[in-house]
Amino acid sequence: MLPTLLPYRSAEIHSLKTPHSGDAAFVLIRAAVALDQAAITRLVQGERLNPNGLAWQNFIVAVVGGAVVGAVQMRQHDDDSLELGSLVVHREHRRRGIA
C-alpha cells in the first residue's frame, strides 16, 4: 500500500492537458484500482519487463479516453523510503508528457 504522503493516494483525480495531445485529449492521473490490474500487466509485459509481483495497490496510472496508457509502481521499503519500481507508457502515448 502506498504511504499517505504520496499526492495521488487519495480518491482525488488529477487531470492535465499534455503539450502534444490536441484540444480534446486529457490525461487523468490517479491511484490504480482493482480493475486496472489487467491493463497494468499488459503494459508491463508489452515492454518485456518482469510481471511478477505486480500489485495494483502500488500503482499510479495515467488514463486517456478511459484506457490505462501508463503506470508507475512505487515500492515502499522497511525504512519508509520509496523506490520507483516500474514505469511504462504505451508506445502510442510516449513523448506526450505523460512520464
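Located above this text is the structure these notes cover.
Everything quoted here is computed from the prediction, not taken from an experiment.

Enquirer: Which parts of the structure should I look at to understand the nonpolar core?
Expert: In terms of nonpolar packing, the biggest core is built from 12 residues, these being Ala 32, Ala 39, Ile 40, Leu 43, Val 44, Leu 54, Phe 59, Val 61, Val 63, Val 68, Ala 71 and Val 88. When contributions to this core are tallied by element, the ones reaching two or more residues are helix H1 (37-46), strand S3 (59-64) and strand S4 (67-76). Residues Val 27, Ile 29, Val 72 and Ile 98 belong to the second largest nonpolar core, which totals 10 residues.

Enquirer: What is the right way to look at H1 in this model?
Expert: Among all positions in H1, only Ala 39, Ile 40, Leu 43 and Val 44 are buried. Axial view of H1: buried residues confined to an arc of 130°, hence all on one face. The inward-facing, buried residues of H1 contact S3, S4 and strand S5 (82-89). Positive backbone phi, at 60°, marks Arg 48, one or two positions downstream of H1.

Rules of the game
Residues numbered from 1 in each chain as written. Predicted model: local features only at pLDDT ≥ 70, side-chain atom pairs only at ≥ 80, totals over all residues. Heavy atoms only, no water. Core = buried A, V, L, I, M, F, W, Y, C linked by side-chain atoms within 4.5 Å. Buried < 20%, exposed > 50% of the residue type's maximum accessible area, 1.4 Å probe, protein only. Helix = DSSP H or I, 4+ residues; strand = E, 2+ residues; numbered from the N terminus. Arc of directions from axis to C-beta. Contact = heavy atoms within 4.5 Å.

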